[in-house]
Amino acid sequence: MWSNHINYYCSMKTHQLVLAWIEAELSEGRLAVGGRLPAERSLAEQLKVSRTSVREAVRILEAMGVVRAGVGSGPEAGTVVISDPTAALGSALRLHVATQHLPVADIVETRVLLESWAVSHARPDSPELAGAARLLAEMDAEEVEVDEFLALDVRFHLALADAAGNVVVSAMMGSLRESITGYASRLTANLPDWDSTAARLRGEHRDILAAVQHNDGERAAKLVAAHIEGYYREAGLPPIERSQPGRRSGLRR
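These notes cover the structure that comes with them. Since the structure is predicted, the reported quantities are computational estimates derived from the model, not experimental observations.

1. Thoughts on the overall build of the chain
Inference 1: When helices and strands are tallied, the chain shows 11 helices and 2 strands.
Inference 2: Along the chain, helices and strands appear, N-terminal first, in the series α-α-α-α-β-β-α-α-α-α-α-α-α.
Inference 3: Looking at the chain residue by residue over its 253 residues, the buried ones come to 42%.
Inference 4: Taking as baseline every contact in the chain between residues at least 6 positions apart, the subset at least 24 positions apart corresponds to 66%.
Inference 5: By element, 53% of the accessible surface of the chain is carried by carbon and sulfur atoms, the whole surface being about 13,900 Å².

Right, here's the structure in full:
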């Protein structure tokens, strides 16, 4: 079947041919999460490409979070199909933020939009909310360090997003937060009093979770927007402007 399309794909670079074949196999259901790609030699012979091209394609797929390549023998050997879209999206966003192609302020605004939607649609009976509550308890510990607090904060917000049950929103949320986690950590140096800020964040976390648990999506959305914007504003970013529908924010990095 694939051989019928070789002429169509002949203008591709050889590693792109491998990628196209794997995409077709996934789309047609012949490959699925947990399945293994053919051995390198076998795939190279099947597609009439070099083994170097197969290895290059696998490296790209690893970076995209689509496969995990194992070496040696045993159950972990071979190239296994996984599913981790956050890894690829997060890496791409981090690189573009680093080049200043994507202003951090625009990333933050997009995060506000997604998180507001997520908490407004989160299910009060979702098991993820119990996990969110446990994370809040960990953040309350007196000995928690700044970086540990911020890591727990990331997991708390992702738990709330997962409670909405939309896997695309969850993946995008994870990627956005991953792309600015380091930036958010560096911003703590701008805060006049971290202990005071942490106490405020803890209280806001509890209010957001309570609103979701009481099925008050509108209140939860307003609280999470104020929570996110408040942190970045305190750390030195100007407020997000939403005075006119469709108007771009005046925020820039």
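2. Looking at the packing of aromatic side chains
Between two aromatic rings, the relevant description is the distance of the centres plus the angle of the planes.
Inference 1: Under the criterion given, the structure shown has 2 aromatic pairs.
Inference 2: Ring geometry for Phe149 versus Trp194: centroids 5.3 Å apart, planes at 90 degrees, classification edge-to-face. Here Trp194 lies in helix H10 (residues 194–213) and Phe149 lies in helix H8 (residues 146–162), a separation of 45 residues in the sequence.
Inference 3: Under the relative-accessibility criterion, Phe149 is labelled buried at 1%.
Inference 4: Exposure remark for Trp194: the relative accessible area of 17% places this residue in the buried category.
Inference 5: A centroid spacing of 5.3 Å and a plane angle of 85 degrees characterise the contact between Tyr231 and Tyr232, whose relative ring orientation is edge-to-face.
Inference 6: Judged by relative accessible area, Tyr231 falls into the buried class, the value being 7%.
Inference 7: Since its relative accessible area comes to 4%, Tyr232 is described here as buried.

3. Looking at unusual backbone geometry
Inference 1: Non-glycine residue Lys48 carries a positive phi angle of around 60 degrees.
Inference 2: Tracing the sequence through the fold places Lys48 in the loop between helix H3 (40–47) and helix H4 (51–63).
Inference 3: Positive phi is not limited to glycine here, since Asn215 has a value of about 60 degrees.

4. Notes on H4
Inference 1: End to end, H4 covers 19 Å across 13 residues, agreeing with the expected 18 Å (1.5 Å per residue, within 8%).
Inference 2: Within the span of H4, buried status applies to Ser53, Val54, Ala57, Val58 and Leu61. When H4 is viewed along its axis, its buried side chains cluster within an angular range of 135 degrees and face the same direction. Of the residues in H4, the exposed ones pointing more than 90 degrees away from the buried face are Arg59 and Ala63.
Inference 3: Looking one or two places after H4, you find Gly65, whose phi comes out positive at around 75 degrees.

5. Details of the pattern of salt bridges
Inference 1: Scanning the entire structure with this criterion turns up 9 salt bridges.
Inference 2: Close ionic contact of Glu115 with Arg111 constitutes a salt bridge, the shortest N to O distance being 2.5 Å. Within this pair, Glu115 and its partner Arg111 are both found in helix H6 (residues 104–121), separated by 4 residues, close to a single helical turn. Across the pair, Arg111 and Glu115 agree in class, each one buried.
Inference 3: Of the charged contacts in the structure, one is a salt bridge between Glu234 and Arg200, with a shortest N-O distance of 2.3 Å. Note that Glu234 is positioned in helix H11 (residues 217–234) and Arg200 in helix H10, a separation of 34 residues in sequence.

6. A look at the packing of helix H2 (residues 14–27) against H3
Inference 1: Between H2 and H3, whose axes approach to 11 Å, the crossing angle comes to 100 degrees. Considered as vectors, H2 and H3 are oriented roughly perpendicular to each other. Contact with H2, carried on its side by Leu17, Val18 and Trp21, involves Leu43, Gln46 and Leu47 of H3 and no other residues of that element.
Inference 2: Taken together, the residues of the contact of H2 with H3 break down into 5 nonpolar, 1 polar and no charged.

7. Some details on the packing of H2 against H4
Inference 1: Where H2 meets H4, the closest approach of the two axes is 8 Å, and the angle between their N-to-C directions is 60 degrees. It follows from the interaxial angle that H2 and H4 lie oblique. Between H2 and H4 the crossing geometry is right-handed. Residues Thr14, His15, Val18, Leu19 and Ile22 of H2 touch H4, and the partners they reach there are Ser53, Val54, Glu56, Ala57, Ile60 and Leu61.
Inference 2: Its residues placed into classes, the contact of H2 with H4 shows 7 nonpolar, 3 polar and 1 charged.

Parameters at a glance
- Residues numbered from 1 in each chain as written.
- Predicted model: local features only at pLDDT ≥ 70, side-chain atom pairs only at ≥ 80, totals over all residues.
- Heavy atoms only, no water.
- Helix = DSSP H or I, 4+ residues; strand = E, 2+ residues; numbered from the N terminus.
- Buried < 20%, exposed > 50% of the residue type's maximum accessible area, 1.4 Å probe, protein only.
- Contact = heavy atoms within 4.5 Å.
- Areas by Shrake-Rupley, 256 points an atom, 1.4 Å probe, with all protein chains shown as cover.
- Phe/Tyr/Trp six-rings, centres within 6.5 Å; stacked < 30°, edge-to-face > 60°.
- Expected span 1.5 Å × (residues − 1).
- Arc of directions from axis to C-beta.
- Salt bridge = Lys/Arg side-chain N within 4 Å of Asp/Glu carboxyl O.
- Axes fitted to C-alpha atoms, helices over the stretch in contact; angles between N-to-C directions.
- Parallel < 35°, antiparallel > 145°, perpendicular 65-115°, else oblique.
- Nonpolar A, V, L, I, M, F, W, Y, C, P; charged D, E, K, R; others polar.
- Left-handed = near helix turned anticlockwise from the far one by under 90°.

So far we have only geometry, and geometry alone does not tell us how the molecule works.
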